[in-house]
Amino acid sequence: VLQMSGNEDDWLALKPQEPSPSQCCGSGCKPCIYDVYERELAQWERAKAKQDKSLLMEKKEQSNNSELNPDTFTAFNISSVEQLTEDTYQYKFELPGNSSLRLSLGQHIVLRGMVNGVEVQRAYTPISPGNAEGYFEVLMKCYEAGLMSQYIKTWKKGDVVFWRGPFGGFPYRPNKHGELLMLASGTGLAPMLPILQSITDDEEDETFVTLVGCFRTFDKIYLKPLLQDLARYWNIRIFYVLSQETSLEELPWSYQENTYTGRLNEDLMKTIINSCRRKPFVLICGSSAFNEDMSRYLKAAGIEENSCFFF
């Protein structure tokens, strides 16, 4: 009997732990961390019923190969850390050999962090092209009170972090839409960039794009050189909406004609949609408050829900 209770403890130690709510990123991943848990629990229950621990081994083998996987977290090395604004960083991660993440457009990956012994998970969209070889890059904003931000702020070159994925994504096809209207707030710019780059890389793709980037101030606009390069293409227009700038006079002249001060409101939305060359399909990425506002303004401007996609 003693032997049996010891064995029981062994099995309990192997039992998968139920995720806490902070571990779910809320992005509707398939599989969600809870799906993975349910599957591992069922696997554990089968193994325990048969008293055969080797039935638990399959999940251990997966995480050693350094390929991104939706079910298990994989370790990646940080190869560079670049601060873009006071609270925004661009991180570069190594991929083995010349492999690439092979993400489809706008897909996100999920980061696992440990903060004071609590595991947290959040979704981020890589900004590097999906076919970039040997690396991928992620844009991250750190918040004062954010749990994940506390973890990210400690990162330095050479550290190892854990990602799983990919998930989600926008099923983009060249020339499917006459015009894409991209509404991005802050780091909501991230899922737009791979789509923009795929359009500019493909000479056959004649989709018009109007990108509206909403930031607080001119200094808070991320990746200006990249955006300026993209705006040189015949089919790409970029507008900036700066909620805390009061006048355009201080801005470089090259920004003055395509920048608005104040917030992106219903009137400005109508102005922008009326200036689109074709009826747009709209991509939206920002905070839930931003997404709700945009949804309302688009409806008022006569854009139906089936012509919108939220990241």
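All values reported here derive from a predicted model rather than from experimental measurement.

J.: Sorry, what's going on with the pattern of salt bridges here?
T.: Where charged atoms from two side chains of opposite charge approach closely, those side chains can pair. Under the defined criterion, the tally for this structure stands at 11 salt bridges. In this structure, lysine 220 and glutamate 86 form a salt bridge, with 3.5 Å as the shortest nitrogen-oxygen distance. Pair noted here: lysine 220 is in the loop between β8 (208-215) and α6 (224-230) and glutamate 86 is in the loop between β1 (74-85) and β2 (88-94), with a separation of 134 residues, a long-range link. Between lysine 279 and glutamate 304 there is a salt bridge, with its nearest N and O atoms 3.3 Å apart. Taken together, the residues span a long stretch of sequence, with lysine 279 in the loop between α8 (266-275) and β11 (280-285) and glutamate 304 in the loop between α9 (288-300) and β12 (308-310) at a distance of 25 residues. We classify glutamate 304 as partly exposed; its relative accessible area is 39%.

J.: Help me out: how do you make sense of the packing of α8 against α9 in this one?
T.: Two numbers describe a pair of packed helices, the interaxial angle and the distance between the axes. Interhelical geometry of α8 versus α9 gives an angle of 60 degrees and a closest axis separation of 9 Å. For the element pair α8 / α9, the angle class is oblique. Viewed along their axes, α8 and α9 form a crossing whose handedness is right-handed. Note on element contacts: α9 touches α8 through Met294, Tyr297, Leu298 and Ala300, opposite Glu266, Met269, Lys270 and Ile273. Here the residues of the contact of α8 with α9 are counted per class, giving six nonpolar, no polar and two charged.

J.: Is there a simple way to explain α9 in this structure?
T.: Since one α-helical turn is 3.6 residues long, residues separated by three or four positions face the same way. Between its first and last C-alpha atoms α9 spans 19 Å; for 13 residues at 1.5 Å apiece the expected length is 18 Å, and the two agree. In this fold, the buried residues of α9 make contact with β7 (179-185), β8, α8, β11 and β12. Taken from the residues just after α9, glycine 302 is the one with a positive phi, measuring 85 degrees.

J.: Sorry if this is basic, but what is going on with unusual backbone geometry here?
T.: The step from glycine 165 to proline 166 runs through a cis peptide bond, and the omega angle for that step is 0 degrees. Tracing the sequence through the fold places proline 166 in strand β6 (residues 160-167). Phi is positive for glutamine 51, which is not a glycine, with a value near 50 degrees. With respect to the element layout, glutamine 51 can be found in the loop between α2 (33-49) and α3 (58-62). Glutamine 51 sits in the partly exposed class, given a relative accessible area of 41%. Although it is not a glycine, asparagine 116 sits at a positive phi angle of roughly 50 degrees.

J.: Where do I start with the domain arrangement of the protein chain in this structure?
T.: One frequent convention defines the size of an interface as the accessible area lost when the parts assemble. Domain boundaries in the protein chain define domain 1 (74-167) and domain 2 (179-310). A straight line from the C-alpha centre of domain 1 to that of domain 2 covers 24 Å. Contact residues are listed per partner, giving 14 residues for domain 1 and 13 residues for domain 2. Summed over both sides, the interface of domain 1 with domain 2 buries roughly 1200 Å², with 68% coming from carbon and sulfur. It is Leu105, Ile127 and Leu139 that lose the most area in domain 1 upon contact with domain 2, and together they represent 38% of the buried surface on that side. Linking domain 1 to domain 2 there are one salt bridge. When contributions to the side of domain 1 that touches domain 2 are tallied by element, the ones reaching two or more residues are β1, β2 and β5 (135-141). The class makeup of the residues in the side of domain 1 that touches domain 2 is six nonpolar, six polar and two charged.

J.: Just checking my understanding: could you explain the UniProt feature "binding site: FAD" (unreviewed entry) in the protein chain for this structure?
T.: In the numbering used here, UniProt assigns the "binding site: FAD" (unreviewed entry) feature to Arg122, Tyr124, Leu139, Lys141, Met148 and Ser149. With the annotated positions falling across 28 residues, the maximum pairwise C-alpha distance of 13.7 Å places them together in a single cluster. Mapped onto the elements of the fold, tyrosine 124 is located in strand β4 (residues 118-124). Setting aside residues up to four positions removed in sequence, tyrosine 124 forms contacts with His108, Ile109, Leu111, Val138, Leu139, Met140, Met148, Ile152 and Trp163.

J.: Sorry if this is basic, but what is going on with the nonpolar core here?
T.: Nonpolar side chains in soluble globular proteins tend to end up buried together. With 33 residues, the main nonpolar core has Leu180, Met182, Ile195 and Leu211 as its most contacted residues. Taken together, the elements giving at least two residues each to this core come down to β7, α5 (192-201), β8, α6, β9 (236-242) and β11. Among the elements that line this core, the one with the most residues is α5, at five residues. Isoleucine 195 has contacts with Leu105, Phe170, Tyr172, Leu180, Met182, Leu283 and Phe311, leaving out every residue within four places of it along the chain. Core analysis: the next-biggest nonpolar cluster, separate from the first, contains 24 residues, Phe76, Phe136, Tyr151 and Trp163 among them.

Procedures and definitions
- Residues numbered from 1 in each chain as written.
- Predicted model: local features only at pLDDT ≥ 70, side-chain atom pairs only at ≥ 80, totals over all residues.
- Heavy atoms only, no water.
- Salt bridge = Lys/Arg side-chain N within 4 Å of Asp/Glu carboxyl O.
- Helix = DSSP H or I, 4+ residues; strand = E, 2+ residues; numbered from the N terminus.
- Buried < 20%, exposed > 50% of the residue type's maximum accessible area, 1.4 Å probe, protein only.
- Axes fitted to C-alpha atoms, helices over the stretch in contact; angles between N-to-C directions.
- Parallel < 35°, antiparallel > 145°, perpendicular 65-115°, else oblique.
- Left-handed = near helix turned anticlockwise from the far one by under 90°.
- Contact = heavy atoms within 4.5 Å.
- Nonpolar A, V, L, I, M, F, W, Y, C, P; charged D, E, K, R; others polar.
- Expected span 1.5 Å × (residues − 1).
- Domains from an automatic or database assignment.
- Buried area = accessible area lost by both parts, 1.4 Å probe.
- UniProt positions renumbered as here; feature names shortened; annotations may be inferred.
- Core = buried A, V, L, I, M, F, W, Y, C linked by side-chain atoms within 4.5 Å.

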